Structure formats: C-alpha cells, structure tokens
Amino acid sequence: MGRTPTRVGVVGYGYWGSKHVRVLNSLPDVEVTVIDRDEQRLREAMSNFPNVRIATDIADELEALDAVVVATPPALHASVSLQAMNAGLHTLVEKPLATSVEDAEALVTAAETNNVRLMVGHTFEYNPAVWKLKEIISSGELGRILYIDAARLALGRYQYDCNVIWDLAPHDISIVSYLLDEVPHRASVWAQHNIGNVHADMAYLRLEFQNSGAPAFVQVSWLHPEKIRRVTVVGEKKMAIYNDVSDNERIRIYDVGVDPAQVDEGSSHDYPVSYRFGDIVSPYVQFREPLMLQDSHFIECVRTGKEPQTPGQRGLDIVKVLAATDVANSTGAPAETGASLVSASGAGNGRVRP
Ligand SMILES: NC(=O)c1ccc[n+]([C@@H]2O[C@H](COP(=O)([O-])OP(=O)(O)OC[C@H]3O[C@@H](n4cnc5c(N)ncnc54)[C@H](O)[C@@H]3O)[C@@H](O)[C@H]2O)c1
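Every value quoted in this text rests on a predicted model; they were computed, and no experiment measured them. (Residues numbered from 1 in each chain as written. Predicted model: local features only at pLDDT ≥ 70, side-chain atom pairs only at ≥ 80, totals over all residues. Heavy atoms only, no water.)

### Here's the deal with unusual backbone geometry
Formally: Helix and strand assignments come from DSSP, with helices taken as H or I runs of at least 4 residues and strands as E runs of at least 2, each series counted from the N terminus. Partly exposed residues are those whose accessible area sits between 20% and 50% of the maximum for their type, while under 20% is buried and over 50% is exposed, using a 1.4 Å probe and protein chains only.
Cis rather than trans, the peptide bond between lysine 95 and proline 96 has omega equal to -10 degrees. Its location among the elements puts proline 96 in the loop between β5 (90–94) and α4 (101–114). Its identity is not glycine, yet asparagine 115 carries a phi of approximately 50 degrees, on the positive side. Here asparagine 115 shows up in the loop between α4 and β6 (118–121). Taking the relative accessible area as the measure of exposure, asparagine 115 reaches 57% and is therefore exposed. A positive phi angle, close to 60 degrees, is found at aspartate 181, a residue other than glycine.

Below is the structure:
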C-alpha cells in the first residue's frame, strides 16, 4: 500500500516556481497544486505537467494542502506565507525570506505559534559543490582564510520590487555565512543604478565577520556582459575557486601563495614578498541538482516534523544583513546587521548529504 500523498501547493508559477513544480512533481507520493493569479501561467503549467492541479487563489486551497512553496515576487512572500502558516501549512519560502526584518520576524513567530515548519530556499546551502568547498576550508588545507570574494553577475532579470542586492546577494551572503559558520555582523555597500530610475542594478558589498576575522567581498550585477557565478577563497597556504558555471571543474584548488620576504635593500629587483607555485587540483564533485536536494529535504521535514536545515531563523538572519545593506547604502557608512552570529544552518553539518 502506498504512502498518503503529501499535498504541496506551489504559489507562483514563474521562472523559478516552474522549477519547483518540475522537481516536486517528480518526487514519489507528492501531489502538486500550482497556484498563480495569472491564468496564462496556469495554462502553461497544465500543458507542461498535465497531472498537477491548478488554482488561482491560495485562499481556496488552504484546506486541501499540507504544505506550500512560496515562489511569488519577494514583496508577497510575507503575506502569502503568513496566510499559509496561519492555516497550519508547512511553508518553504524562496529567498529572501521577506523584504523587511519585521516581516521576517513575523514569519518566524507564526511558524512557532502554529507549530509548522518554516524553511527558506537558500538553494546554495544544498549545493554539493558548496559542501565540498566547506569541507576543503574545514580540513585546514587552505590554511587561515584571509578573505572570500564572490561574484554573481550577468545580464540579469531586473526586478520590480527589489534592488540587485536583495535579489542576488541572499545567495552569496548565505554561502559565505555557511562557509565561515558565521553570519556577518557589519556590512558596507557601494551601489549604483544605471538603467531606469528605480533600483540599484550593480553593487559591491564588504561583509565583516566577528569570529573568523576574514572579510567577504560580494559583487552582484544585473548589468554585466558575462554570466559569472564564482566564489574565491584565499587562504594563507592555498586558494580555491568554486565556479558554478563550469561543467566539470566546479572547484579548483590552487597550491599557490605569497609569503613575506626578507628584502635585500641593495637589489632593486626584489619584491617585498616571495611566491609559491604548485599544482592546480580539481576534486570530483558528483552533480546533484540543489533544488531537488532542497525540496526533497522540505518534503522530509513536512512528513517527519524535523527542523529544516535552513529554517526561518536562517532566513531572518540573512534578511537582517540585507536590511543593513540598505542602511549602509543610504548613509555611506558601514552598518551593523544585528544578525545572530552563529545562525541555525544545519546543511553545513552534512545532514542532507548521502
Ligand atoms: N533560489 C533561487 O536560485 C532563485 C532563483 C530565481 C528566483 N528565485 C526567487 O523565486 C521567487 C520568484 O521569482 P521569479 O523569478 O520566478 O519571478 P516571476 O515574476 O517569474 O514569477 C512570479 C510568479 O508569481 C505569480 N504571482 C504573483 N502574485 C501572486 C499571488 N498573490 N498568488 C499567486 N501567484 C502570484 C506571478 O503571476 C508569476 O507567475 C522570488 O522570490 C525570487 O527571489 C529564487
């Protein structure tokens, strides 16, 4: 006899919601309802996935679901998620968890009050290449980490309701927090809007971490000719690059480094440092689709009641960092994030991994 199906509504069948529908619809004993206000989007969903149910308003479906995935534009995350959790539905919310700290806090409280699981879709915390990078850092192979540099650039999808930082940087802030086991306590920003008159479309962030001491620099842009998804970790002994757009060498470890040197005052050709050069190694990382790992984990949490590895609190911490970038951007000075230093995030402990 089969298991009772888990009934999941995907709210928002846009660019990313359609990927959730593909993934969830492929899982055993999961019944998917696509909910979108736009009937054209629903016709597309039916044509791509003839077995899914469709609906235009989540309010009509609350009784018929066990859980929802909220993949609407970010400004609607809070209201849709509150509606779902107040009806007793477990809720996976796309990043960013909400568009203000107050809304994100309200979501964390609603999950507690209603005793439902709240999870945030920090997809890169379910990415085997990111797990591998963390493993390399934790093993000490790179030595003391001096800094991390992340770049997420492309001719990107301009958003109506948020700037490029709130759209793209949640990924990088979650990645660097995961790698360093710590959420940044201070943020500085240099941002600019180039097209139209609304939101910044390119930005540089400097994130400071209290315990690790190594800062992270994050560059995000919707206005860049090349698609770049790269995290560089510079250690005292070695350096590593995670290139998410590479097919078969997503991680490379460079056995290179620079040491301070004794300067011979008499020689004009000496550098104040000496260089080390060695092998470049690319460890094998088996490809497993992060969204599949993430959504399978959500379904497992719904079924077993266990706490997600990227719970609401994790989403709230990243929203606090994003909110600090707004303050830093408007004042021109570094802003404190107020995020918990060590945020709940268990994917780092490898519990999702096989
Ligand atoms: N994790 C990732 O890697 C990743 C990647 C891209 C986007 N996202 C996130 O996914 C979310 C959706 O982004 P997108 O690019 O797919 O946006 P999109 O604009 O392509 O799609 C949004 C969809 O939501 C629908 N919608 C709007 N209001 C609704 C409502 N009240 N009820 C039901 N449906 C409603 C719209 O009709 C549209 O089909 C955003 O939060 C974004 O940050 C995450």
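### Some remarks on the side chain of lysine 95
Here is the rule we go by: Two N or O atoms form a polar contact when they lie within 3.5 Å of each other; inside protein one atom must be a possible hydrogen donor and the other a possible acceptor, and for residues adjacent in sequence the pair counts only when both atoms belong to side chains. Contacts are assigned to residue pairs that have any heavy atoms within 4.5 Å of one another.
Following the sequence through the fold, lysine 95 ends up in the loop between β5 and α4. Only 2.5 Å separates the side chain of lysine 95 from the backbone oxygen of aspartate 167, close enough to count as a polar contact. The contact partners of lysine 95, leaving out residues within four places of it in the chain, are His77, Val120, Gly121, His122, Asp167, Pro170 and His171.

### Some points on the nonpolar core
The condition that has to hold: The criterion is simple. A nonpolar core is a set of buried Ala, Val, Leu, Ile, Met, Phe, Trp, Tyr and Cys residues joined through side-chain atoms within 4.5 Å. A domain assignment, automatic or from a database, supplies the domain bounds used here.
Ranked by internal contacts, the top residues of the largest apolar core, which has 98 residues, are Leu179 and Leu207. Each of domain 1 (6–122 + 292–310) and domain 2 (125–288 + 317–344) gives at least three residues to this core. Excluding residues that lie within four positions of it along the chain, leucine 179 makes contacts with Val130, Leu133, Lys134, Ile137, Ile148, Val231 and Val233.

### Examining helix α8 (residues 312–331)
What counts here: Take the residue count of a helix, subtract one, and multiply by 1.5 Å to get its expected span.
Along its 20 residues, α8 runs 29 Å from first to last C-alpha, staying within 8% of the 28 Å computed at 1.5 Å per residue. Where α8 terminates, the next one or two residues include glycine 332, which has phi positive at roughly 80 degrees.

### Thoughts on the pairing of β6
Short version of the rule: Two strands pair under a simple rule: DSSP has to find at least two bridges between them.
The side-chain alternation of β6 yields two buried faces, one formed by Leu118 and Val120 and the other by Met119 and Gly121. Summarising the sheet, β5 and β6 pair through four bridges and their orientation is parallel. By the bridge assignment for β6, valine 93 is matched with valine 120.

### Focus on the domain arrangement of the protein
Test applied: The buried area of a pairing is the accessible area, by a 1.4 Å probe, that goes missing from both parts when the two are put together, added over both. What makes a salt bridge here is a side-chain nitrogen of Lys or Arg within 4 Å of a carboxyl oxygen of Asp or Glu, nothing more.
Each assigned domain of the protein is listed here: domain 1 (6–122 + 292–310) and domain 2 (125–288 + 317–344). Taken residue by residue, the interface counts 20 residues in domain 1 and 19 residues in domain 2. Here domain 1 meets domain 2 over a buried area of about 1600 Å², counting both sides, of which 68% is carbon and sulfur. When the area that domain 1 buries against domain 2 is broken down by residue, the three leading residues are Lys95, His122 and Leu293, summing to 41%. Between the two partners, domain 1 and domain 2, sit one salt bridge. With a shortest N-O distance of 3.5 Å, lysine 95 and aspartate 167 are connected by a salt bridge. Remark: the boundary between domain 1 and domain 2 carries four residue pairs in polar contact (both at pLDDT 80 or more). Looking at the side of domain 1 that touches domain 2, the elements with two or more residues in it are α4 and α7 (290–304).

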